[in-house]
Amino acid sequence: MWGKVGLPKNNRLRHHKSFQSVYKKGERYYSSQLVMHSLFGINKNCQIIPTQFGISISQKISKKAIVRNYLKRQIKSVIRVFLPKIVSGYQIVIVVKKQIQGCQYSILLREIKELLINAKIVHGY
């Protein structure tokens with residue numbers, strides 16, 4: 001029916017502490033609709049972890065969870081497009097800005113691509 005919309009489990013950033021460390025220690029990249037925080041990390045066993053993504057959408061964007069979840073699904077589908085080309089070892093949090101309302105998929109695709117290229121996280125660019 002819907003197909004796979006989410007990200008694989010090993011590519012999800014889940015814990016509050018992980019989000020906080022990316023916010024505090026990571027680098028920031030800006031576009032008109034999004035802010036991307038990225039942090040290169042190695043786990044306790046000195047192994048490079050797969051790149052993990054987290055998405056943050058404030059209630060200031062919309063009070064309705066339906067709208068916020070729709071935006072998250074769109075962003076996750078864009079990330080899945082670039083996942084095979086992304087360098088391992090990063091923790092990335094994408095924060096949605098207030099002016100994203102009514103944003104089209106093609107705009108999200110372009111902006112996330114630009115953010116990943118600016119951060120030098122994508123192979124081949």
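Before reading on, note that the structure itself is shown above.
In this report, the structure presented in the accompanying data block is examined. (Residues numbered from 1 in each chain as written. Predicted model: local features only at pLDDT ≥ 70, side-chain atom pairs only at ≥ 80, totals over all residues. Heavy atoms only, no water.)

**A word on the side chain of Gln 33**
- In this structure, Gln 33 sits in the loop between strand E1 (27-30) and strand E2 (34-40).
- Apart from the residues lying within four places of it in its own chain, the contact partners of Gln 33 are Val 95, Val 96, Lys 97, Gln 99, Ile 100, Cys 103, Ile 107 and Glu 111. (Helix = DSSP H or I, 4+ residues; strand = E, 2+ residues; numbered from the N terminus. Contact = heavy atoms within 4.5 Å.)

**Regarding the packing of aromatic side chains**
- Tallying each qualifying case throughout the model produces two aromatic pairs.
- Taken together, a centroid distance of 6.5 Å and an interplanar angle of 50° make the contact between Phe 19 and Tyr 23 tilted. Pair noted here: Phe 19 and Tyr 23 are both in helix H1 (residues 16-25), with a separation of four residues, about one helical turn.
- Residue Tyr 23 is classed as partly exposed on the basis of its relative accessible area of 21%.
- Consider the rings of Phe 40 and Tyr 90, whose centres lie 5.2 Å apart with planes at 75°: the pair is edge-to-face. Within this pair, whereas Phe 40 is found in strand E2, its partner Tyr 90 is found in strand E4 (residues 90-96), the two being separated by 50 residues in sequence. (Phe/Tyr/Trp six-rings, centres within 6.5 Å; stacked < 30°, edge-to-face > 60°. Buried < 20%, exposed > 50% of the residue type's maximum accessible area, 1.4 Å probe, protein only.)

**Describing the sheet that holds E2**
- Read across the open sheet, the four strands follow the order E1-E2-E4-E3; overall the sheet is mixed. At either end of the open sheet lies a strand with only one pairing partner, and these are E1 and strand E3 (52-56). Taking each pair of neighbouring strands and ignoring which way they run, the sheet shows an average axis angle of 20°.
- Where helix H2 (residues 65-82) meets the sheet, it contacts E2, E3 and E4, and its direction lies at approximately 155° from that of E3. (Pairing = 2+ DSSP bridges. Axes fitted to C-alpha atoms, helices over the stretch in contact; angles between N-to-C directions.)

**Here's the deal with helix H3 (residues 105-118)**
- Here H3 spans 20 Å end to end across 14 residues, near enough to the 20 Å set by a 1.5 Å rise per residue.
- Residues of H3 that are buried: Leu 108, Glu 111, Ile 112, Leu 115 and Leu 116. Across the axial projection of H3, the buried residues extend over an arc of 135°, all falling on one side.
- Here the buried face of H3 lies against E1, E2, H2 and E4.
- Positive backbone phi, at 60°, marks Lys 120, one or two positions downstream of H3. (Expected span 1.5 Å × (residues − 1). Arc of directions from axis to C-beta.)

**Quick notes on the pairing of E3**
- Of all five residues in E3, four are buried; the element is thus mostly enclosed.
- Note that E3 and E4 share five bridges and pair parallel. Paired with Phe 53 across the bridge in E4 is Ile 92.
- Handedness of the crossover joining E3 and E4 through H2 is recorded here as left-handed. (Right-handed = clockwise from strand over helix to strand, strands pointing away.)

**Digging into unusual backbone geometry**
- Positive phi outside glycine occurs at Lys 120, with the angle close to 60°.
- Checked against the element boundaries, Lys 120 lands in the segment after H3.

**Points about the pattern of salt bridges**
- Summed over all chains, the structure comprises one salt bridge.
- For the salt bridge of Arg 110 with Glu 114, the shortest nitrogen-to-oxygen distance reads 3.8 Å. Within this pair, Arg 110 and its partner Glu 114 are both found in helix H3, separated by four residues, close to a single helical turn.
- Judged by its relative accessible area of 44%, Arg 110 falls in the partly exposed class.
- Judged by its relative accessible area of 40%, Glu 114 is partly exposed. (Salt bridge = Lys/Arg side-chain N within 4 Å of Asp/Glu carboxyl O.)

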